[in-house]
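In case you want the letters, here they are:
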Amino acid sequence: MSAIYKRELASYFRSPIGWVAIAIFALMGGFFFAIYMQNSSSVNISDELNFLRYVFFVVIPLITMRLFSEEKKNGTEVLLYTAPVPLYKVVLGKYFAALSLLLIMVSSTLIHVVLVVIMGGLVDTGTLGSYIGFVFLAAVFISIGVLCSAVTENQIIAAVISFVVIFFSTILSMIASTVQSAFVSIVTTLNFLKLSTSSINKAGEAVANGINWLDPSVRTDTFTQGIFSISPLLFCLSLVILFLFLTYRILEKRRWSQS
Amino acid sequence: MSRIKQNNDEEIQVEKKSVDKRANSMKFFSVGSVFVIIAILLVVNILFDSVLGNTLKWDFSSMQTNSLSSVSKGIISKLDKDVEIVGLFARTSDTESTYKDFIPLLDEYAKYSDGHITVRYVDPNVYPSISTELDPNKTITITANTFVVKCGDKLRVINPADCYTYDEQAYYYSGQTVIQSVSTELKFTGAISSVTSDTVSKVYFTSGHGEATHAQLDTLLNNNGFETADLTTRDLTVIPDDCSLLIVNLPTSDISTDDIPLISNYLQTGGNLIVISDYSSATDQAFTNLNEVLHTMNLNLTNSRICENDMNYRIQATTGYGSYAIVPAGTFSSSEADKAIFAAYGRAVTAYDNPKSYITTEPLITTSANAVLEDKGDPSSIGTAGTQNFAMYSKNSGGKTDSEAVVIGTSYLTSDAYISAYSLNDQNVVFFSTVVKQLVGIDNTVQVPVKEYPNYTFTSTPSASVQGFLSVVLIAILPLAFVITGIVVYKKRKHL
């Protein structure tokens, strides 16, 4: 697994992709920092990391799109299938390589933390929590990107699919609100059980809460306030396991169909 | 030949069947394993959330902003009524961020209430029926982006904006809005205590004498569990029995002669009175009739404006009409609090020459020892420098029940304009709230501390040129360096 991990990580820096991704991240982070430094003489690193979550839409598809689709396109995927390494290790190696690249990108914001400390700003537990929440959220989105890359051999299609999925994951709570509204409207119109308005509203809230429960962004939000909880981390890990397992199953199926 | 071919066909068919069977079992295993994994992960997460979700959660924020204090925990653990808290907005990742000082704390209320407190979020723009559901009798105005605390028919509305105090100096010097402290817990615990309380004290505001509006004061009093109402004293023969406190709020004209016995009788029967005046809303007004009432409590509202002459107490060096004031040790403060109050346009309050052994008076808010009184607000007619009273307190133990009165000679504790500008958490307003609660005799248990808000402002801001340099490095040089490195690497390896 370490050989695959090292090869993948090195490949990011042998092509422009890794450098461009880091540049995008540094640019957006630097932009936020500079604006707040100049306009309000205060920078909350938690706010910066919240802002950088929007960079996921671009950066994560960029760094994951080629992981499996390029192998398939180049015809080198057969080497992965026949290599004396279990397939799950191939998936994990590639996944951890992408995650490491993201950690390198995030570490570029540590310059901002140092600057905040030098300028006498506040770096508190909320900052640490924000980093933890940010990394776990990125871990989930990277696993989505890995899955999308395994689905198709076209890198652009892989990037577009992962962009769409990550985008919808991010606006899941807004979708919840819409679903809640639609649910209440439909139940109010049909209302065969003659439920009271209050009961219907509460049922609608339950539906919205259910969808919100699945939103990793909402689940990791409390970290930015210095509230540390195991539950959101376990949830993110579960999503990572699920998406990587799906990736593994897709590759496994492909290996069987080739043989 | 044909037999051999037939045998081969049969073998191929058998092998194909075997492959199909294996492919089907693989497909079944593949799909099945995915469902099993999803089921396991769901069960693990749901179980973890419900069993250990709240236990394995720690608030490491500097001021424990998102955790309940022992005071609140004590109050909500004793609840025997069900309370519903409704956030009037949809809970999305955006609102999670906007209401980050509310949502985690409300989760704590639900957690520690043993099922007595439920919290939910409803967008009234999507569900207009929520207003009727919460308040069928339409006693309050329910608007989006506020919180409603409800127990039975009792409701309290909490506006998130009232939960913050801002750094006035930062705003004054740089125009920036910097949050200084947050009193979310104070507001919600107060509201919960209020809606679950069996007894309600009623505060009446007199009207008909040009009194000021008191919308902010209503909110303050309601948050502290009081009901408020206006009371037109004309044609009234007796103050209502349920009146726990009567407030004469910044009258511009004197009370009528008919009001004198009305209010005096109220005081004689153990009533509580607060008179608020200043030298801005009513200038050169002697308040002869009002003073006749106050004299029964050995208090006197003068027709003199206070001018602070001690530069250490003045807000602005050029004028003595706005100053910091002192709360002396006494009934409402265990020790002297210097510069605890910000007062302006003060009308002096003095003890009246009506010494009775059963009447005790004491200063409540004073100037420094170097203030003067301007008779009838005339700067050229000043008295001797000394300590002047912005407010005084009196207790009359001569009747069957003790009566108490407070006369405040500045509007800077209670006026709508002041509270709107400085919020309900301002120390002037909090002091007034303490006075009211003590007068009415409410057990002052809801004393949840206001929590300091983390301040991210730089203490040593670099010069503009350094900031400009840093901005160029962070926005241009650093990202460009990465891009150039990428291009160089790509060009070198292009032909490999």
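Residue positions are counted from 1 within each chain, in the order its sequence is given. Starting at A for chains and at 1 for ligands, labels are handed out in the order in which the entities are written. Selection of residues for local features in this predicted model requires a pLDDT of at least 70, selection of side-chain atom pairs for listing and counting requires 80 or more, and totals for whole chains, interfaces and linings are taken over all residues. Values reported for side chains reflect all heavy atoms of the structure, with hydrogen atoms and water molecules removed beforehand.

**Quick word on the interface of chain A and chain B**
Then step 1. Any two residues whose heavy atoms approach within 4.5 Å are treated as being in contact. Listed by partner, the interface residues are 67 residues for chain A and 65 residues for chain B.
Then step 2. Values labelled buried area give the accessible surface lost by two parts on being combined, using a 1.4 Å probe and summing over both. Between chain A and chain B lies a buried interface of about 5900 Å² when both sides are counted; carbon and sulfur atoms form 64% of it.
Then step 3. Contact with chain B buries surface across chain A, with Trp19(A), Met119(A) and Gln225(A) losing the most and accounting together for 10% of the total.
Then step 4. Salt-bridge detection follows one rule: a side-chain nitrogen of Lys or Arg within 4 Å of a carboxyl oxygen of Asp or Glu. Note that Asp49(B) and Arg219(A) form a salt bridge whose closest N and O atoms lie 3.3 Å from each other.
Then step 5. Residues adjacent in sequence count toward polar contacts only when both atoms are side-chain atoms; beyond that, a polar contact is any pair of N or O atoms within 3.5 Å, and within protein one must be able to donate a hydrogen and the other to accept it. On the surface where chain A and chain B come into contact, there are 19 residue pairs in polar contact (both at pLDDT 80 or more).
Then step 6. To qualify as a helix, a DSSP run of H or I must reach at least 4 residues; to qualify as a strand, a run of E must reach at least 2; elements of each kind are numbered from the N terminus. Among the elements that line the side of chain A that touches chain B, the one with the most residues is helix 2 (residues 16–40) of chain A, at 14 residues.
Then step 7. Residue polarity is assigned by list, with Asp, Glu, Lys and Arg as charged and Ala, Val, Leu, Ile, Met, Phe, Trp, Tyr, Cys and Pro as nonpolar; anything else, Gly included, falls into the polar class. Taken together, the residues of the side of chain A that touches chain B sort by class into 33 nonpolar, 27 polar and seven charged.

**Regarding helix 13 (residues 464–493) of chain B**
Then step 1. The span expected for a helix works out to 1.5 Å for each residue beyond the first. Here helix 13 of chain B spans 42 Å end to end across 30 residues, near enough to the 44 Å set by a 1.5 Å rise per residue.
Then step 2. Throughout, the bend at a residue refers to the angle made by two axes, fitted to the seven residues ending there and to the seven starting there. Val473(B) marks where helix 13 of chain B bends most, by close to 40°.
Then step 3. Buried within helix 13 of chain B are the following residues: Gln467(B), Leu470(B), Ser471(B), Leu474(B), Pro479(B), Phe482(B), Gly486(B) and Val489(B).
Then step 4. In the core, the buried residues of helix 13 of chain B are packed alongside helix 1 (2–14), helix 2 and helix 8 (110–118) of chain A. In this scheme, a residue with accessible area under 20% of its type's maximum is buried, one over 50% is exposed, and one in between is partly exposed, where area comes from a 1.4 Å probe on protein chains only.

**Digging into the packing of helix 2 (residues 70–77) of chain B against helix 7 (residues 184–196) of chain B**
Two quantities define a packed helix pair, namely the angle between the axes and the distance from one axis to the other.
Residue and element names in this part refer to chain B.
Then step 1. For helices, the fitted axis covers only the stretch in contact; all axes are lines through C-alpha atoms, and the angles between them, taken along N-to-C directions, range from 0 to 180 degrees. One can describe the packing of helix 2 onto helix 7 by two numbers: an axis separation of 10 Å at closest approach and a directional angle of 25°. On the basis of the axis angle, helix 2 is roughly parallel to helix 7. The interaxial crossing formed by helix 2 with helix 7 has left-handed handedness. Contacts between helix 2 and helix 7 involve Ser72, Ile75 and Ile76 from the first element and Glu185, Thr189, Ile192 and Ser193 from the second. Throughout, the term roughly parallel applies to angles under 35 degrees, roughly antiparallel to angles over 145, roughly perpendicular to angles from 65 to 115, and oblique to all others. Helix crossings are classified by the rotation of the near helix relative to the far one: an anticlockwise turn of less than a right angle makes the crossing left-handed, while a clockwise turn makes it right-handed.

**Concerning a nonpolar patch on the surface**
Then step 1. On the surface, a nonpolar cluster with roughly 520 Å² of combined accessible area is contributed by Ile156(A), Val160(A), Phe163(A), Val164(A), Phe167(A) and Phe168(A).
Then step 2. Here Ile156(A) shows up in helix 10 (residues 155–170). To count toward a patch, a residue needs a relative accessible area above 30% and no salt bridge. Like charges then connect within 9 Å, nonpolar side chains (Val, Leu, Ile, Met, Phe, Trp, Tyr) within 5 Å. Note on areas: Shrake-Rupley, 1.4 Å probe, and residue coverage restricted to the protein chains presented here.

**With respect to the domain arrangement of chain B**
By convention, interface size is frequently given as the accessible area that disappears when the constituent parts associate.
Residues and elements named next belong to chain B.
Then step 1. The start and end points of each domain follow an automatic or database-based domain assignment. Domain boundaries assigned for chain B yield domain 1 (63–198) and domain 2 (200–424).
Then step 2. Placing the centre of domain 1 and that of domain 2 at their C-alpha centroids yields a distance of 32 Å.
Then step 3. Of the roughly 800 Å² buried where domain 1 meets domain 2, counting both sides, 49% is carbon and sulfur surface.
Then step 4. For the pair domain 1 and domain 2, the number of links is zero salt bridges.
Then step 5. Where the side of domain 1 that touches domain 2 is concerned, the elements lending two or more residues are strand 5 (154–158), strand 6 (164–166) and helix 7.
Then step 6. The leading source of residues in the side of domain 1 that touches domain 2 is helix 7, at four residues.
Then step 7. Of the residues in the side of domain 1 that touches domain 2, the class split is three nonpolar, three polar and six charged.

**Side note on the pattern of salt bridges**
Then step 1. Across all of its chains, the model carries 15 salt bridges over all chains by this definition.
Then step 2. Here Arg120(B) ties to Glu133(B) by a salt bridge, and the two come within 2.5 Å at their closest N and O atoms. Here the residue Arg120(B) occupies a position in strand 3 (residues 117–121), and Glu133(B) occupies one in helix 5 (residues 129–134), the gap between them amounting to 13 residues.
Then step 3. Asp402(B) serves as the salt-bridge partner of Lys395(B), at 3.7 Å between the closest nitrogen and oxygen.
Then step 4. The exposure class assigned to Lys395(B) is partly exposed, which follows from its relative accessible area of 28%.
Then step 5. Residue Asp402(B) is classed as partly exposed on the basis of its relative accessible area, which comes to 34%.
Then step 6. The network of salt bridges with shared partners includes Arg7(A), Glu8(A), Arg66(A), Glu70(A), Glu71(A) and Lys94(A).

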